[in-house]
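Each chain is listed here by its residues.
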Amino acid sequence: MGSAVAAALLFVVPALAAPRQKPDSALQRDLMAHIALLASDDFEGREPGTEGEAKTLRYLGKQWFDIGLLSGTNTPAHPWFAPVNLVAREPADSAAAFARKGRRIYVPRASVLMLTSGKRALVENAPLLFVGNALNPDAWDRNELAGRVAVMLDGTHKGGERQNALLKAGAAAVLTVLDGGRTLDQVAARRKRSGYALASEALGGDLEGFIAADSFDRLVATGGLSLAGLRSAAAAPGFVPRVLDISATLEATTRETSIRTHNLIGKLEGKRPDTGAVLFVAHWDHFGRCAEPPAEHLICNGAIDNASGVAALTEVARRLSRMPQPDRDIYFLATTAEELGLLGAEAFAENPPLPLKQIVAAFNIDSIAIAPAGTPLAIVGRGMTPLDPQIIAAARAARRQLVLTDDANAYVKRQDGWALLQHDVPAVMVTSAYGDIKRLEAFFDGDYHRPTDVVKPTIELGGAAEDVQFLVTLGRWFGDSRKVPLVVK
Ligand SMILES: [Zn+2]
């Protein structure tokens, strides 16, 4: 429905000629005060499970309590702070043994790396099947891959995707020959930092490995083949996978560390909570210490990402709390572990304090100290929820310009609203930060996720303050059960 509306209105909903919302310099000062504190070195980059988390949640919890919010966890055992248990996984042991006709072939231990996303994965005496570049494994006979170790050339293009397709097509494991630009050390270094999950998440049992090109060459030489020969066979038209007459026993284990962290949840009670709820979200976490000496500044303070968002969340709560009581409950959620893969939002959705179908609308706030006052708003998630017509109507009523293109949707998976959307919660971001994509991309190319995302005298809060004002408008609008009825899904 969003696109039909867009076509009718061309690309921008024009503000009416009358005066817009007045700039609110007091609000900008309040936002700045929150950001300056949350992004100070004292908060250590707000990493989940650290003293930085404790300081952040103590500060936000007190602000929200003083505003007059109530705990929104709806469990007396855990008021305000909903525990979220994470595991950090890093590769532990890796082992690979190869044999031809029962005779062991020596391969240096350091030239093979086996990895799993689960705790432990093992295949024993599985035959190797050379699959070349593995460009279309979906087209192959599943029986051919089943129980076998698919041996794939790395080349240069989308190795991870080809590997996953092989696993999906039934391979017991995938062994990638590093014949392209990547080295084993690079693969290992990359893996070290990417393994976070909710503790409740089922473990994957996949098994993937990497072997250095020279070792693979010596391995197949025992059967009179060479890497060069296999490579040209793979490039020839009509290539079909080829059994290598070598078997492998491969094993990978993962070390797990538990991290106990929290979502902060507050609420404003409505008069008619049976009519549903509105949810505002912003992630409080960031990367903590993210650089090594000799760099001088070692902390990723996350001033824009996302001290600005939780500052705005807090000021939206303050303003809504001073207004007449809405029909609906309004929830405020400061999520943990967004930076580790939207895990706090996922935990909220898996264990929500209210039935998710009660949530009429969710508005995420992420990295909004980007655009100056007067920048039009954009909807991240436009066309993906039933909310667009009401947001457009609210923008008209508030005399705010709204960009109606899909440009902002390029970023929809990179924010907590995406985790909520996966659970059918209508979640969008409505913000000036995405109203000028060029300016946003300059941030992504610059300070984003770097130790330079600190409070600067030049930090732009004009658009952020206007975002707060419009989010308050949206809170009133969607909190009104006559204006926006609850459609039970
Ligand atoms: Zn981020």
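It should be noted that the structure appears before, not after, this text.
Everything in this summary refers to the structure shown in the same document.

Side note on the overall build of the chain
Okay, so step 1: When helices and strands are counted, the chain shows 14 helices and 19 strands.
Okay, so step 2: Per-residue burial over the chain gives 52% buried out of 489 residues.
Okay, so step 3: Sequence-distant contacts in the chain: of pairs separated by 6 or more residues, those separated by 24 or more amount to 83%.
Okay, so step 4: In the chain, the 53 positive side-chain charges and the 55 negative ones have mean positions that sit 2 Å from each other.

Examining the pairing of strand β5 (residues 112-115)
Okay, so step 1: Burial of the side chains of β5 extends over both faces: Val112 and Met114 are buried on one face and Leu113 and Leu115 on the other.
Okay, so step 2: Of the strand pairs in this sheet, β5 and strand β10 (residues 208-212) are connected by four bridges, and their pairing is antiparallel. Along β10, the bridge assignment pairs Leu113 with Phe210.

Describing helix α7 (residues 213-221)
Okay, so step 1: Turning to α7, its buried residues number three or more, namely Ser215, Phe216, Leu219 and Val220. The arc enclosing the buried residues of α7, seen along the axis, measures out at 130 degrees, which places them on a common side.

Quick look at the pattern of salt bridges
Okay, so step 1: According to the stated counting rule, one finds 19 salt bridges in the structure shown.
Okay, so step 2: Here Arg439 and Asp436 are joined by a salt bridge, their closest N and O atoms 3.4 Å apart.
Okay, so step 3: When its relative accessible area of 27% is taken as the criterion, Asp436 is described as partly exposed.
Okay, so step 4: When salt bridges with common partners are traced through the structure, they connect Arg100, Lys101 and Asp245 into a single cluster.

Some thoughts on the coordination of the zinc ion
Okay, so step 1: The protein atoms that coordinate the zinc ion are Asp305 (OD), Glu339 (OE), Glu339 (OE) and His449 (NE2), at distances of 2.0 to 2.3 Å.
Okay, so step 2: Seen from the zinc ion, its four donor atoms lie at angles of 58 to 145 degrees, and the figure they make is irregular.
Okay, so step 3: Within one chain, the residues donating to the zinc ion are spaced in sequence as D-x33-E-x109-H. Here Asp305 is found in helix α9 (residues 303-321), whereas its partner His449 is found in the loop between α13 (437-445) and α14 (462-478), with 144 residues between them in sequence.
Okay, so step 4: Residue classification places Asp305 among the buried positions, given a relative accessible area of 2%.
Okay, so step 5: The exposure class assigned to His449 is partly exposed, which follows from its relative accessible area of 27%.

Focus on unusual backbone geometry
Okay, so step 1: Cis peptide bonds are those with omega within 30 degrees of zero, and the linkage from Pro293 to Pro294 qualifies with 10 degrees.
Okay, so step 2: One can find Pro294 in the loop between β13 (288-289) and β14 (299-300).
Okay, so step 3: The amide bond that connects Asp305 to the next residue, Asn306, takes the cis arrangement and shows omega of 0 degrees.
Okay, so step 4: Relative to the assigned elements, Asn306 resides in helix α9.
Okay, so step 5: Positive phi, close to 55 degrees, is recorded for Glu44, a residue that is not glycine.
Okay, so step 6: Structurally, Glu44 is set in the loop between α2 (25-38) and α3 (51-67).
Okay, so step 7: By relative accessible area, which is 35% here, Glu44 ends up partly exposed.
Okay, so step 8: The backbone phi angle of Asn74 is positive, close to 60 degrees, even though this residue is not glycine.
Okay, so step 9: Position of Asn74 relative to the elements: it lies in the loop between β2 (70-71) and β3 (81-100).

What to know about the pairing of strand β15 (residues 329-335)
Okay, so step 1: Within β15, seven of the seven residues are buried, leaving the element largely enclosed by the surrounding structure.
Okay, so step 2: The side-chain alternation of β15 yields two buried faces, one formed by Asp329, Tyr331, Leu333 and Thr335 and the other by Ile330, Phe332 and Ala334.
Okay, so step 3: Across five bridges, the pairing between strand β11 (residues 242-268) and β15 is antiparallel. Looking across to β15, one finds that Gly266 is bridged to Phe332.
Okay, so step 4: Of the pairings in the sheet, the one linking strand β12 (residues 277-283) to β15 comprises seven bridges and is parallel in character. Residue pairing across strands places Ala277 opposite Asp329, the latter belonging to β15.

Brief notes about the state of the cysteines
Okay, so step 1: The final tally for this structure, using the stated rule, is one disulfide.
Okay, so step 2: Between the sulfur atoms of Cys290 and its disulfide mate Cys300 the distance is 2.1 Å. Between Cys290 and Cys300, the disulfide has an S-S torsion of 85 degrees and is therefore right-handed. Residue Cys290 is located in the loop between β13 and β14, and its partner Cys300 is located in strand β14; the two are separated by 10 residues in the primary sequence.
Okay, so step 3: Taking the relative accessible area as the measure of exposure, Cys300 reaches 0% and is therefore buried.

Reading the values: the criteria
Residues numbered from 1 in each chain as written. Predicted model: local features only at pLDDT ≥ 70, side-chain atom pairs only at ≥ 80, totals over all residues. Heavy atoms only, no water. Helix = DSSP H or I, 4+ residues; strand = E, 2+ residues; numbered from the N terminus. Buried < 20%, exposed > 50% of the residue type's maximum accessible area, 1.4 Å probe, protein only. Contact = heavy atoms within 4.5 Å. Lys, Arg positive; Asp, Glu negative; His and termini not counted. Charge placed at Lys NZ, Arg CZ, Asp CG, Glu CD. Pairing = 2+ DSSP bridges. Arc of directions from axis to C-beta. Salt bridge = Lys/Arg side-chain N within 4 Å of Asp/Glu carboxyl O. Donors = N, O, S within 2.8 Å, 3.2 Å for Na, K, Ca; no water. Tetrahedral: all angles 85-135°; square planar, octahedral: opposite > 155°, others 65-115°. Disulfide = S-S within 2.5 Å.

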